[in-house]
Amino acid sequence: MRQKGSNQAESVVTFEEVGLRYGRGPEILQDVNFALPAGSFHFLTGMSGAGKSSLLRLIYLAARPSSGRIRLFGQDISRLPRAEMPALRRRVGVVFQDFRLLDHLSALDNVALPLRVAGARESEVQKHVPELLSWVGLSEYLHAKPPTLSGGQQQRVAIARAVIARPDLLLADEPTGNVDDHIAMRLLYLFEELNRLGTTIVIATHNEALVSRFNHPRLHIERGRVERV
Amino acid sequence: MRQKGSNQAESVVTFEEVGLRYGRGPEILQDVNFALPAGSFHFLTGMSGAGKSSLLRLIYLAARPSSGRIRLFGQDISRLPRAEMPALRRRVGVVFQDFRLLDHLSALDNVALPLRVAGARESEVQKHVPELLSWVGLSEYLHAKPPTLSGGQQQRVAIARAVIARPDLLLADEPTGNVDDHIAMRLLYLFEELNRLGTTIVIATHNEALVSRFNHPRLHIERGRVERV
Amino acid sequence: MLFFRRRSDLPLKDDATSRFLPWLVALMTFLSAVSLAGVFVLGGVIERWDRDVSGTLTVQVAPAPGNAVDSEVRTRERVEAAVRLLRSTPGVLSAHSIDKTRTLQLLEPWLGDTALLQDLPLPLLIDVTVDPSKRVDLDALSETLKASVPGATLDDHRVWLSRLVNLSRTVEMLALSVVLMIGGVTSATVIYATRTGLAVHQEVINVLHMIGAQDSYIARQFAERAFNLGLAGGLLGLALAAPALGMVGWAARRLEGGLLPDLSMPWTGWVMLLVLPWIAALLAMVTARFTVLRSLARMP
Amino acid sequence: MLFFRRRSDLPLKDDATSRFLPWLVALMTFLSAVSLAGVFVLGGVIERWDRDVSGTLTVQVAPAPGNAVDSEVRTRERVEAAVRLLRSTPGVLSAHSIDKTRTLQLLEPWLGDTALLQDLPLPLLIDVTVDPSKRVDLDALSETLKASVPGATLDDHRVWLSRLVNLSRTVEMLALSVVLMIGGVTSATVIYATRTGLAVHQEVINVLHMIGAQDSYIARQFAERAFNLGLAGGLLGLALAAPALGMVGWAARRLEGGLLPDLSMPWTGWVMLLVLPWIAALLAMVTARFTVLRSLARMP
Ligand SMILES: Nc1ncnc2c1ncn2[C@@H]1O[C@H](COP(=O)(O)OP(=O)(O)OP(=O)(O)O)[C@@H](O)[C@H]1O
Ligand SMILES: Nc1ncnc2c1ncn2[C@@H]1O[C@H](COP(=O)(O)OP(=O)(O)OP(=O)(O)O)[C@@H](O)[C@H]1O
Ligand SMILES: [Mg+2]
Ligand SMILES: [Mg+2]
């Protein structure tokens, strides 16, 4: 294995000259260079269709860059053997823009999924999951299945699932699009709490009000380029 | 058939003592009374989980009230024969909170669906659909399939599909959750334009900024009750 | 091969069912075709054997032991007993003994010059005509004859044939019931394939429903697809069955030589086989349509 | 009946495949069982017939016409010609003529007191032993005999049996190939059912994959379900096949009387039938596991 680079040692994510195009389409991202230090908190902004979700997808290994190099936890992901991916993925929590809850599982089982996949004991699951769900205001909906939850409730289940296993890196894609400002604030506080415990956080959002209310650096995507603001 | 009621003649939607509960759950809506005059424009607000989507679902015939009576275009929907429902549904355009685009159809075909289901000529389809899609900023994505569109782009396709057939009633559930404020404004103008042409409009949203920027009456749901604000 | 090519809102072309159903229908058609061919061929063979078996039979009565005169009298008695027995058997139209001269004529190729045999105690023969429309249990008749008239035997070759006819009939019934079962299972398969299709495309159907599509608009798309898939599968099955049947027929004809000279099917059989894929397609279409409409009726 | 009852993240219990696959496997098992039983029974019958056919045969040579002395000489000549012909036939171990005294003994039950026949021109018999391990074409032999030696005929009953054996062998091959085909189609069915399952549950699988589930974690759930469904279907099919076979066997025994006294299967056949559902279940499990792993390997 390659040794961990010297100046990227503390970076959780590093993009070096990364470009992305889907199939033969135009280049969505080009010459992207940035590093997210461990424990940092970033907002990711940009117009609709700018490439926020695409950038997050690159980080959580759902898309491969068409050029350049991405390192995750110091490892070059293009050289990562397939068998090691699940372990790496478990260190990353993702709130998908479209939630991706499992419709046949209760809110509790949905949130418990990352713990169970990682082989956690059931006692642990039964202790932590309800706790977190009440934090996001869903204590009454532990056993409700996603199709019977409102849009905002589903979004909160998705967030709970992403944070339950205390990932080293949390990627949240528009996590407050379906909740009102009050709940949005509450969720942001949850992310800040997690950040204080050491999780590196990236939140893609359109909500300018939210971005300006919190004092965190911002990565802005415009015409395929990522700039620090 | 029952004759159109005198005082509800101009009301597109009338709720009379409507209650709603899912299965044996708690009452989500109770004693709901209101009428939406033809050509009106309402916002529908309320906390996450208050019952906004449920109320819209009652109007577009996807849920049945557990008590009370709902009239749509002057017809009591509980007495509506099944065979007449499609015709009624075609007069209602719906933007679903979760979009519900058909993943295997292009943006163009998705938007064309209401026209085709209603038996419109293909020449008409090919004329109006691209026009509307460029209005919502998707002229470059006519042939893209939803899974290759960004969240905000999908939302705009969903909106285009809801308005393409110039419905008499438009129900939009959180139609701006995935777009930035600039696009949100543009979409609201689209709705206003449609409203000017005679469509009755109801928009459920969390976006307080948007609600306060437009001068339209508001229906607010709190603890199962609907109040006019 | 595909009959309906209209625009479809459902992503039916790409799903696993599209690739799976035709093969299943092909297997069903193949098995049906083989079974049906078996039924027809067996039917033909049975009919021919039956014609052989029915019609006339021969019963031999061995000469009774003892001196020449005694023997002759007792043998005559036995023949008369056998004739009586035969005449009283249901299905036997007539039975009469053949006189010695005729018997000797029949024996001539065996024993050469028969003038010398004139006075010998020879077996006597009885000619029996049975009703071809009734099925006479030759086996039982043979047993009864043997038991009640000493030295009497029914021509053994025909008893054999009769047993074969019975066995073949049983096999024929089995083959027919296999065909019926396959028909049932094909329907069940289409039902479940359609249900799977409904499940896979539930979201799409919901949306079409909400947009105001008529039930028949949705059902049509499933039905047309099922027809196309069923027809494709049926034709494929038939295409596989034809050479298989041809080979078996060829092998049978080569091996059997004269025994089963006419192993070919009657034209009705060929028509049935050619109609099979269409039956499969129609079955698939009707089943799909019915399944979709029933499931849509449950939606609000 | 269900062996794996662990918690599953996939909504496999409720989908159409769960209701459909067992019935399909049941049909496959049923048809396999019927075909296999047919193969075994036919195998037994063929073996017995074969034993009858092989071993010893009899050839009759009719007395040549003419006066007694002349006839006797010429008949002898014919017998010798027949013996020579037989001995030169591949597969024939020995052939020797039976002397007149023995022939008369054999004829006694037919002709009564044979002392009188001593000087008559009687047909002569030839005892033939054939190699049971080789298959002698009795049909051809019979033709050759008839053509080259006037008045010589091969015992007709055995020619018949030999033809039956050949036909039965053909049917046996057909049944065996049906079993093989059914095995293939069962695998194909499981593959497609699994693919359909993958399609229906694609979202769920994606999410599990993204959350960091190992491929084997996901494949296990499909494989276990396939095993359960396959086993359920296999047992159902066997449960349906057992009475069906029993009935056919009973009917055959009742109809055939003595002809096929031992229509029952050897114990190996019964074991094979009992093993069938487990083969189906294992086949389903392995196929499902393989299909899922292959499709997961294509994910990023
Ligand atoms: N799988 C794909 N195949 C092809 N093009 C894609 C695919 N996914 C995204 N795109 C295109 O890439 C561009 C960026 O998409 P992305 O989802 O990253 O935008 P976004 O910044 O998340 O937008 P939004 O705020 O609307 O969610 C869009 O133009 C989209 O059409
Ligand atoms: N099909 C269902 N079965 C049971 N309960 C349901 C169902 N759909 C919604 N609910 C419940 O009804 C309540 C209202 O849901 P609804 O979706 O109408 O809320 P909403 O106002 O649209 O919320 P949001 O802004 O989060 O979308 C929620 O508590 C939800 O859990
Ligand atoms: Mg996005
Ligand atoms: Mg809602």
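As a reminder, the structure under discussion sits directly above these lines.
Draft legend 1. Summary view of the interface of chain B and chain A. Tallying the contact residues gives 16 residues for chain B and 16 residues for chain A. When the buried surface of chain B facing chain A is broken down by residue, B:Ser48, B:Asn178 and B:His206 rank first, second and third, together holding 35% of it. There are 0 salt bridges connecting chain B and chain A. Taken together, the connections running from chain B to chain A amount to 10 residue pairs in polar contact (both at pLDDT 80 or more). In terms of residue count, helix H5 (residues 151-163) of chain B provides more of the side of chain B that touches chain A than any other element does, 4 residues in total. A class-by-class count of the residues in the side of chain B that touches chain A yields 3 nonpolar, 10 polar and 3 charged.

Draft legend 2. Region of interest: the environment of A:Gly93. Residue and element names in this part refer to chain A. Inspection of the secondary structure assignment puts Gly93 in strand S6 (residues 92-95). Given a relative accessible area of 5%, Gly93 falls into the buried group. Through-space distance from the C-alpha of Gly93 to that of Ala107 is 17 Å; in sequence the pair is 14 residues apart. Residues within four places of Gly93 in sequence aside, it is in contact with Ala162, Pro167, Leu169, Leu170 and Leu171.

Draft legend 3. Fine view of the sheet that holds strand S7 (residues 169-173) of chain B. All names here are of chain B. Read from one edge to the other, the open sheet built from 6 strands follows the order S6-S7-S8-S3-S9-S10, with strand pairing classed as mixed. Edge positions in the open sheet fall to strand S6 (92-95) and strand S10 (225-228), since each of these has one partner strand only. Neighbour-to-neighbour, the strand axes of this sheet turn through a mean angle of 20°, independent of strand direction. Taken together, the 4 bridges between strand S3 (residues 41-46) and strand S8 (residues 200-204) define a ladder with parallel strand orientation. Looking at S8, one finds that His42 is bridged to Val202. Set on the sheet, helix H1 (residues 52-59) makes contact with S3, S7, S8, strand S9 (218-222) and S10; between it and S7 the angle comes to about 155°.

Draft legend 4. Local environment of the coordination of the magnesium ion (ligand 3). Residues and elements named next belong to chain A. Taken together, Ser53 (OG) and Gln97 (OE1) make up the protein donors of the magnesium ion (ligand 3), found 1.9 to 2.2 Å from the metal. Taken as a pair, Ser53 in helix H1 (residues 52-59) and Gln97 in the loop between S6 and helix H3 (107-117) lie far apart in primary sequence, 44 residues in all. The buried category is assigned to Ser53, whose relative accessible area is 14%.

Draft legend 5. Focus on the relation of the copies chain B and chain A. Superposing chain B onto chain A takes a rotation of 180° combined with a translation of 0.0 Å along the rotation axis, leaving an RMSD of 0.0 Å. The superposition operator between the copies reduces to a two-fold rotation axis. Of the C-alpha atoms belonging to chain B, the one lying closest to the rotation axis is found on B:Gly177, 2.2 Å away. Most of the interface of chain B is mirrored in chain A, where 100% of its interface residues are also at the interface.

Draft legend 6. Molecular detail of the coordination of the magnesium ion (ligand 4). The magnesium ion (ligand 4) binds to the protein through B:Ser53 (OG) and B:Gln97 (OE1), with metal-donor distances spanning 1.9 to 2.2 Å. Judged by relative accessible area, B:Gln97 falls into the buried class, the value being 18%.

Draft legend 7. Spatial organisation of the packing of aromatic side chains. Summed over all chains, the structure comprises 8 aromatic pairs over all chains. With centroids separated by 5.8 Å and ring planes inclined at 65°, the aromatic side chains of A:Tyr189 and A:Phe214 adopt a geometry described as edge-to-face. Within this pair, whereas A:Tyr189 is found in helix H6 (residues 181-196), its partner A:Phe214 is found in the loop between helix H7 (208-213) and strand S9 (218-222), the two being separated by 25 residues in sequence. The exposure class assigned to A:Phe214 is buried, which follows from its relative accessible area of 8%. Relative to B:Phe96, the ring of B:Tyr60 lies with its centre 5.5 Å away and its plane at 85°, an arrangement referred to as edge-to-face. Of this pair, B:Tyr60 sits in the loop between H1 and strand S4 (67-72) while B:Phe96 sits in the loop between S6 and helix H3 (107-117), placing them 36 residues apart in sequence. Given a relative accessible area of 5%, B:Phe96 falls into the buried group. The positively charged end of B:Arg186 is found above the aromatic ring belonging to B:Trp135, 4.5 Å away from the centroid. Between D:Arg220 and the ring centre of D:Tyr217, over which it is positioned, the NZ or CZ distance is 5.9 Å.

Definitions and limits used
Residues numbered from 1 in each chain as written. Chains lettered and ligands numbered in written order. Predicted model: local features only at pLDDT ≥ 70, side-chain atom pairs only at ≥ 80, totals over all residues. Heavy atoms only, no water. Contact = heavy atoms within 4.5 Å. Buried area = accessible area lost by both parts, 1.4 Å probe. Salt bridge = Lys/Arg side-chain N within 4 Å of Asp/Glu carboxyl O. Polar contact = N/O pair within 3.5 Å; in protein donor to acceptor, adjacent residues only side chain to side chain. Helix = DSSP H or I, 4+ residues; strand = E, 2+ residues; numbered from the N terminus. Nonpolar A, V, L, I, M, F, W, Y, C, P; charged D, E, K, R; others polar. Buried < 20%, exposed > 50% of the residue type's maximum accessible area, 1.4 Å probe, protein only. Pairing = 2+ DSSP bridges. Axes fitted to C-alpha atoms, helices over the stretch in contact; angles between N-to-C directions. Donors = N, O, S within 2.8 Å, 3.2 Å for Na, K, Ca; no water. Least-squares fit on C-alpha atoms with pLDDT ≥ 70 in both. Phe/Tyr/Trp six-rings, centres within 6.5 Å; stacked < 30°, edge-to-face > 60°. Lys NZ or Arg CZ within 6 Å of the ring centre and 35° of its normal.

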